[in-house]
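A look at the structure
For reference, the chains in residue letters:
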Amino acid sequence: MKICMITAYPPNRGGLAEYGWYMVDKFSKSAKIEDFVVLANRSKTTSNINRGKTKIIRCWRSDDITTPVRILEEIRRIKPDVVYFNLHLLSWGKSKICNFFGHMTPLLVKFFTRSKVVITLHNI
């Protein structure tokens, strides 16, 4: 199975990045997963990482209105079986418009890629 996970990831701090790190650690150890790609937020001090079957691609940024397009392009390139979104209400930034379009991303992924989409939405 090929899984693509969209999440905040360290070195960012906070519950979502820490939860994302924990989930990546557990998924990457599963024998049922052949290929595991994480689409993580960009950071000034980090770059893409390849560790065995796990690849971390830093392709999106908070408060960037083009984030949904960047994520969709990467998912179309990767062609995963399952797309897993690890989100909370302010995942996409402080701007209401960026958060609106960010939270529309799972729907866009489902519509344009026909992938199975799973969402964990924290802080409701």
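Notes on the structure follow. In this numbering scheme, every chain counts its residues from 1 along its sequence in written order. Predicted model: local features are reported for residues with pLDDT of at least 70 only, side-chain atom pairs are reported and counted for 80 or more only, and whole-chain, interface and lining totals are derived from all residues. Neither water nor hydrogens contribute to the side-chain values; these are computed over all heavy atoms in the structure.

**Considerations on the nonpolar core**
Core analysis: the biggest nonpolar cluster contains 16 residues, and Ile6, Leu39, Ile71 and Ile75 have the highest contact counts within it. Every helix listed is a DSSP run of H or I at least four residues long, and every strand listed is a run of E at least two residues long, numbered separately from the N terminus. Listing elements by their share of this core, those giving two or more residues are β1 (2-7), β2 (35-41), β4 (54-60), α2 (67-78) and β5 (82-88). Of all the elements, α2 adds the most residues to this core, at four residues. Residues within four places of Ile71 in sequence aside, it is in contact with Ile6, Leu39, Cys59, Trp60, Trp92 and Thr105. Within the second largest apolar cluster, twelve residues are counted, among which are Met5, Val24, Val38 and Ile56. Working definition of a nonpolar core: buried Ala, Val, Leu, Ile, Met, Phe, Trp, Tyr and Cys residues. They are joined through side-chain atoms within 4.5 Å. For the exposure calls, accessible area comes from a 1.4 Å probe over protein chains only, and a residue counts as buried if that area is under 20% of its type's maximum, exposed if over 50%, partly exposed in between. By definition, residues are in contact when any of their heavy atoms lie within 4.5 Å.

**Considerations on the sheet that holds β2**
We call two strands paired when DSSP finds no fewer than two bridges between them. The sheet built from six strands is open, its strands ordered β3-β4-β2-β1-β5-β6 with mixed pairing. Of all strands in the sheet, those with a lone pairing partner are β3 (49-51) and β6 (116-122), marking the two edges. Geometrically, the sheet is characterised by an average inter-axis angle of 20° between neighbouring strands, direction not taken into account. One ladder, built from six bridges, connects β2 with β4; its direction is parallel. Its bridge partner lying in β4, Phe36 is registered against Thr54. Along the sheet, α2 contacts β1, β2, β4 and β5; its crossing angle with β4, the most-contacted strand, is approximately 150°. Between N-to-C directions, angles span 0 to 180 degrees; the directions come from axes that are lines fitted to C-alpha atoms, helices contributing only their stretch in contact.

Honestly, that's just the spatial picture; any functional story needs more than this.
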